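This is what each chain is made of:
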Amino acid sequence: MGLPNVSGDLSAEMEVDAFRRLFPLRFYERHLSESIRPDARPLGRARDTTLALGAVASADGSALAKIGSTTMLAAIKMEVMSPSTDSPDEGCIAIDFHMPPICSPIVRPGRPVEAAPVVSKQLSDTILSSGMINLKELSLVSGKAAWMAYLDIYCLDADGALFDAALLSAVAAFSHLQIPIVFLNDDGKIVVVSEEGEGGKLDKEPVNKEKRKLTLRSLPFSLTCILHKNYILADPTAEEESIMELL
Amino acid sequence: MMEIDRADGRTPNQLRPLACSRNILHRAHGSASWSQGNSLSFFWFWSHGSAGDTKVLAAVYGPKAGTKKNENPEKACIEVIWKPKTGQIGKLEKEYEMILKRTLQSICILTINPNTTTSVIVQVVHDDGALLTCAINAACAALVDAGIPIKHLAVAICCCLAEDGYVILDPTKLEEQLRFGKVNKDLCNTNVFEHSGKFYSIAENQIAQEIDIISRETLGNWDVNGAWKRPFSSHPKVLDLQT
């Protein structure tokens, strides 16, 4: 548009990698006109996705999701808390999304990324409004004790489509979640039973007999797309996102 | 087609009245205020709890020399700062800033003044639903007032799914919250009245319910044997007819 047409003279002589760095928009548009992308995907195809449950052994529920190179690790820890007065038989979910400096060269320690709080908020809106989790299932003793689920998602590699991978890892972590067994103490407090086993001390009545999983009603799913001129690209990489955004 | 009833009597496709003023702030290079809704008299404000309008003020400063570190110096840069009415800046404000920045970047001609930054500051004056759309409209009007070169105007409208699955335009805060299933804890316009020896409680957002006046227990919805499906007016008056 406003750029001089230097690339026309040099394109025959330059190496592909140099051309990709110097004139990224032209590089991509040469591919898009043939309905293909530099990683040989058609415009509408997403990258290969893998999902591993139970990646964090110490957490109550966890999952590792990879969409192409974008990697997200989600883990859930459960804690007992007293529910609020206007919803005494409902638990609570707190969702947080972190982008540590490991994920991308543009993230530096001490300077928070713009994208992190935005994705965090979009994630919690999506999960809470989709009705996937019935908060009443997180209740223990109505009015006195309920579960608080802390979901933390760490981005280990940011290569585009962050929200998709984060949502996938969050839903997978909830599907893997097993609610721990708790006892009701004599003082009226809830005590979480530890894995080492408390042998013959079964004089206290457990509040829930066995580890149970949450029932997930509707699973939210997302696909990020980029609109560039009159092309729609599904599941963009970080390079595509940074170039096409400048249109 | 079923018509759904909205609390303020609008049809599902009807917007609230819009108002825009520009050049309000004299130090800023461009400024505009945009409001959606009826800002009627003080009495309306008082009796209905929250005023029925969303108002946003936008100011534009720029173009100023220099861009930020991660931005492309070959193009102009837009920076958005969102100031909420109350409270600290949190994730919601960051999300609004990002959405507004991307929208404004797509309408501005960024190649005209490279290596410059234009700052758009958005101040929320009052929030009664459709806040982000009001901000987009205000920011676009402020950019026009400042003379920043733009390709075309940006227009925004807010749609909401009502409880029964119908789409309504330009929702108020109450309509937005009901969709998400959150009970409006600051409910105003409630009343209790007696009729034929029974007591009923009414609120502006739901059907009347019969209550037991001693134990204050809810006994169920009162729909006049199926004839009435809407909320009542919340300030009923008993007329004493004398013949």
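What counts, and at which threshold
For every chain, the first residue of the written sequence is number 1, and numbering continues from 1 along that sequence. Labels follow written order: the first chain is A, the first ligand is 1, and so on. This being a predicted model, a pLDDT of at least 70 is required before a residue's local features are given, and a value of 80 or more before pairs of side-chain atoms are given or counted; all residues contribute to the totals for chains, interfaces and linings. Where side-chain values are given, they derive from all heavy atoms of the structure, hydrogens and water being excluded. Any Phe, Tyr or Trp ring, taking Trp's six-membered ring, that has another such ring centre within 6.5 Å forms a pair; planes under 30 degrees apart are called stacked, those over 60 apart edge-to-face, and the others tilted. Residue exposure (1.4 Å probe, protein chains only): buried if accessible area is under 20% of the type maximum, exposed if over 50%, otherwise partly exposed. Strands here mean DSSP runs of E at least two residues long; helices mean DSSP runs of H or I at least four residues long; both are numbered from the N terminus. We call two residues contacting when some pair of their heavy atoms lies within 4.5 Å. Buried Ala, Val, Leu, Ile, Met, Phe, Trp, Tyr and Cys residues that are joined via side-chain atoms within 4.5 Å together make up what is termed a nonpolar core. pLDDT expresses, on a scale from 0 to 100, how confident the predictor is about each individual residue. DSSP calls a pair of strands paired once it identifies at least 2 bridges connecting them. To obtain each axis, a line is fitted to C-alpha atoms, and for helices this fit is confined to the stretch in contact; angles are then taken between N-to-C directions over 0 to 180 degrees. Cavities and pockets are found on a 1 Å grid laid over the protein atoms alone: a cavity is a set of points where a 1.4 Å probe fits but cannot escape, a pocket is an open set with protein on both sides within 12 Å along at least five of seven lines, and a lining residue has an atom within 4 Å of such a point. Grid points are joined across faces, edges and corners, and a volume is the space filled by probe spheres set on the points. Note on residue classes: Ala, Val, Leu, Ile, Met, Phe, Trp, Tyr, Cys and Pro are nonpolar, Asp, Glu, Lys and Arg are charged, and everything else, Gly too, is polar. When the strands point away from the viewer and the connection leading from the first strand across the helix to the second strand turns clockwise, the crossover is called right-handed. Patch membership is restricted to residues that have no salt bridge and whose relative accessible area is over 30%. Joining uses 9 Å for like charges and 5 Å for the nonpolar side chains Val, Leu, Ile, Met, Phe, Trp and Tyr. Per-residue accessibility takes into account occlusion by the displayed protein chains alone, with areas from the Shrake-Rupley method and a 1.4 Å probe. What makes a salt bridge here is a side-chain nitrogen of Lys or Arg within 4 Å of a carboxyl oxygen of Asp or Glu, nothing more. Accessible area that two parts lose when put together, with a 1.4 Å probe and added across both, is what the buried area reports. Here a polar contact means two N or O atoms within 3.5 Å. Within protein one must be a hydrogen donor candidate and the other an acceptor candidate, and residues neighboring in sequence count only if both atoms are side-chain atoms. UniProt positions are given in the numbering used here, feature names are shortened, and annotations may be inferred rather than shown by experiment. Helix span, expected: 1.5 Å multiplied by one less than the number of residues in the helix.

## Some details on the packing of aromatic side chains
Aromatic ring pairs are described here by two measures, namely the spacing of the ring centres and the angle between the planes. All names here are of chain A. Taken as a whole and assessed by the stated rule, the structure comprises three aromatic pairs over all chains. Here the aromatic rings of phenylalanine 19 and phenylalanine 23 are separated by 5.6 Å at their centres, their planes lie at 50 degrees, and the arrangement is tilted. Note on phenylalanine 23: relative accessible area 18%, which makes it buried.

## Here we look at the environment of B:Val60
All names here are of chain B. Structurally, valine 60 can be placed in strand S3 (residues 53-65). In this structure the C-alpha to C-alpha distance between valine 60 and alanine 138, which are 78 residues apart in sequence, comes to 11 Å. Apart from the residues lying within four places of it in its own chain, the contact partners of valine 60 are Ala28, His29, Gly30, Thr118, Ser119, Val120, Ala142, Leu143, Ala146 and Ile148.

## Side note on the nonpolar core
Judged by nonpolar contacts, the single largest core of 44 residues is most densely connected at A:Phe97, A:Met99, A:Leu123, A:Leu151, A:Ile153 and A:Phe174. No other element matches helix H5 (residues 162-176) of chain A, which puts 11 residues into this core. Dropping the residues within four chain positions of it, A:Met99 is found in contact with A:Val107, A:Val113, A:Ala115, A:Ala116, A:Cys155, A:Ala158 and A:Leu162. Judged by nonpolar contacts, the second largest core, of 32 residues, contains B:Val120, B:Val124, B:Cys134 and B:Ala154.

## Remarks on the confidence of the model for chain A
Across chain A, the average pLDDT comes to 85, with 86% of residues at or above 70. Put simply, helix H1 (residues 7-10) of chain A is where chain A has its lowest mean pLDDT, 56, and strand S1 (residues 49-53) of chain A is where it has its highest, 96.

## Observations concerning unusual backbone geometry
Negative phi values dominate among residues other than glycine, just as trans dominates among peptide bonds. With an omega dihedral of -10 degrees, the bond running from B:Gly62 to B:Pro63 counts as a cis peptide bond. Of note in the backbone geometry, A:Ser35 takes a positive phi value of approximately 60 degrees without being a glycine. Inspection of the secondary structure assignment puts A:Ser35 in the loop between helix H3 (24-32) and S1. Of note, B:Asp170 is a non-glycine position whose phi angle comes to about 55 degrees, a positive value. Relative to the elements of secondary structure, B:Asp170 occurs in the loop between strand S7 (167-169) and helix H4 (173-179).

## Some words on the sheet that holds strand S2 (residues 30-37) of chain B
Residues and elements named next belong to chain B. Pairing is mixed in the open sheet, where five strands are placed in the order S1-S2-S3-S5-S4. On the outer flanks of this sheet lie strand S1 (18-22) and strand S4 (77-83), each paired with one strand and no other. Adjacent strand axes in the sheet meet at a mean angle of 15 degrees, parallel and antiparallel pairs treated alike. Pairing analysis gives seven bridges linking S4 to strand S5 (residues 116-126), with the strands arranged parallel. Along S5, the bridge assignment pairs isoleucine 81 with isoleucine 121. Each of S4 and S5 is contacted by helix H2 (residues 91-107), which is oriented at about 145 degrees to S4, the strand it contacts most. Docked against the sheet, helix H3 (residues 131-146) engages S1, S2, S3, S4 and S5, running at close to 150 degrees with respect to S2.

## Description of empty space enclosed by the protein
Residues and elements named next belong to chain B. One pass over the full model with this rule turns up two cavities of 30 Å³ or more. Surrounding the largest cavity, Pro63, Ala76, Ile78, Cys108, Ile109, Leu110, Ile112, Asn113, Thr116, Thr118, Ile148 and Pro149 form its lining. Across the lining of the largest cavity, the residue classes break down as nine nonpolar, three polar and no charged.

## Brief notes about the pairing of S5(B)
When a strand is regular, its side chains alternate between the sheet's two faces. Residues and elements named next belong to chain B. Across the 11 residues that make up S5, a large majority, eight, are buried. Pairing geometry for S3 and S5, over nine bridges, is antiparallel. Counted as the bridge partner of valine 56 is valine 124 from S5. On the question of chirality, the crossover connecting S4 to the parallel S5 by way of H2 is left-handed.

## Remarks on a nonpolar patch on the surface
Residues and elements named next belong to chain A. A contiguous nonpolar surface patch, about 290 Å² in accessible area, is contributed by Ile102, Tyr154 and Leu156. Within the secondary structure, leucine 156 sits in strand S6 (residues 145-157). With relative accessibility at 32%, the residue leucine 156 sits in the partly exposed group.

## Points about the interface of chain A and chain B
Listed as interface residues are 18 residues of chain A and, on the opposing side, 15 residues of chain B. For the chain A and chain B pair, buried surface summed over both sides reaches about 1500 Å², with 55% attributable to carbon and sulfur atoms. On the surface where chain A and chain B come into contact, there are two salt bridges. Between A:Asp96 and B:Lys91 there is a salt bridge, and its shortest N-O distance comes to 3.6 Å. Counting across the chain A and chain B interface gives three residue pairs in polar contact (both at pLDDT 80 or more). Per-element tally for the side of chain A that touches chain B: the top contributor is helix H4 (residues 115-129) of chain A, with seven residues. Taken together, the residues that form the side of chain A that touches chain B break down as eight nonpolar, three polar and seven charged.

## Digging into the UniProt feature "domain: Exoribonuclease phosphorolytic" (unreviewed entry) in chain A
Per the UniProt annotation, the sites labelled "domain: Exoribonuclease phosphorolytic" (unreviewed entry) are residues 46-180 of chain A. Across residues 46-180 of chain A, the secondary structure splits into 22% helix and 36% strand, with the terminal C-alpha atoms separated by 36 Å.

## Concerning H5(A)
In this model H5(A) runs 21 Å from its N-terminal to its C-terminal C-alpha over 15 residues, within 8% of the 21 Å that 1.5 Å per residue would give. Of all 15 residues in H5(A), 13 are buried, a share of seventy percent or more.

## Side note on the environment of B:Gly165
Along the chain, B:Gly165 falls in the loop between strand S6 (159-161) and S7. Sequence separation of B:Gly165 and B:Thr67 is 98 residues, and the distance between their C-alpha atoms is 45 Å.

## Some points on the side chain of A:Thr70
Residues and elements named next belong to chain A. Following the sequence through the fold, threonine 70 ends up in strand S3 (residues 70-81). Side-chain polar atoms of threonine 70 contact the backbone oxygen of aspartate 159, separated by 3.1 Å. At 2.8 Å, the side chain of threonine 70 and the backbone oxygen of glycine 160 are in polar contact. When residues no more than four places from it in sequence are discounted, the contact partners of threonine 70 are Arg47, Ala65, Asp157, Ala158, Asp159, Gly160, Ala161, Leu162 and Ala165.

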